[in-house]
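# Descriptive structure summary
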Amino acid sequence: MRTRLTMIAAVCLALLGLSFNSQALQRGMAAFSRRDFQAAEREFKEAVRAEPASAHVWKLLGMTYIAQEKYEAAEDPCRRACDLDPHQENACYYW
């Protein structure tokens, strides 16, 4: 049932011109703003899987690890953000 609902949601989002990445990104940002860093981490991981070339999403994942004081885990996402786009605001700063 859940898979069917996921497929229906994907079709609806496609019709609206949205992607799971944008939805995951929005959910992650909302979770981060309410300081629910575990939820933000899950959502940003989903967004990274959907759009691995996005420096912005990698940076947000790294920031989420930093907010949880998971500095070792933050190193790879922050490095990737900086490598992908050194001009992305604060991407290299966090690394």
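Structure first, text after, so check above.
Residues numbered from 1 in each chain as written. Predicted model: local features only at pLDDT ≥ 70, side-chain atom pairs only at ≥ 80, totals over all residues. Heavy atoms only, no water.

This part takes up the overall build of the protein chain. Scanning the protein chain from terminus to terminus reveals six helices and zero strands. The linear arrangement of helices and strands in the protein chain, starting from the amino end, is α-α-α-α-α-α. Contacts spanning at least 24 positions in sequence make up 39% of the contacts within the protein chain whose residues lie at least 6 apart. Accessible surface, the protein chain: about 6300 Å² in total, of which carbon and sulfur atoms supply 55%. (Helix = DSSP H or I, 4+ residues; strand = E, 2+ residues; numbered from the N terminus. Contact = heavy atoms within 4.5 Å. Areas by Shrake-Rupley, 256 points an atom, 1.4 Å probe, with all protein chains shown as cover.)

Any aromatic ring pair is given by two values, namely how distant the centres are and how the planes are angled relative to each other. Within this structure, the stated rule accounts for one aromatic pair. Consider the rings of F32 and F37, whose centres lie 5.1 Å apart with planes at 65°: the pair is edge-to-face. Classification of F32 as partly exposed rests on a relative accessible area of 26%. Owing to a relative accessible area of 12%, F37 belongs among the buried residues under this scheme. (Phe/Tyr/Trp six-rings, centres within 6.5 Å; stacked < 30°, edge-to-face > 60°. Buried < 20%, exposed > 50% of the residue type's maximum accessible area, 1.4 Å probe, protein only.)

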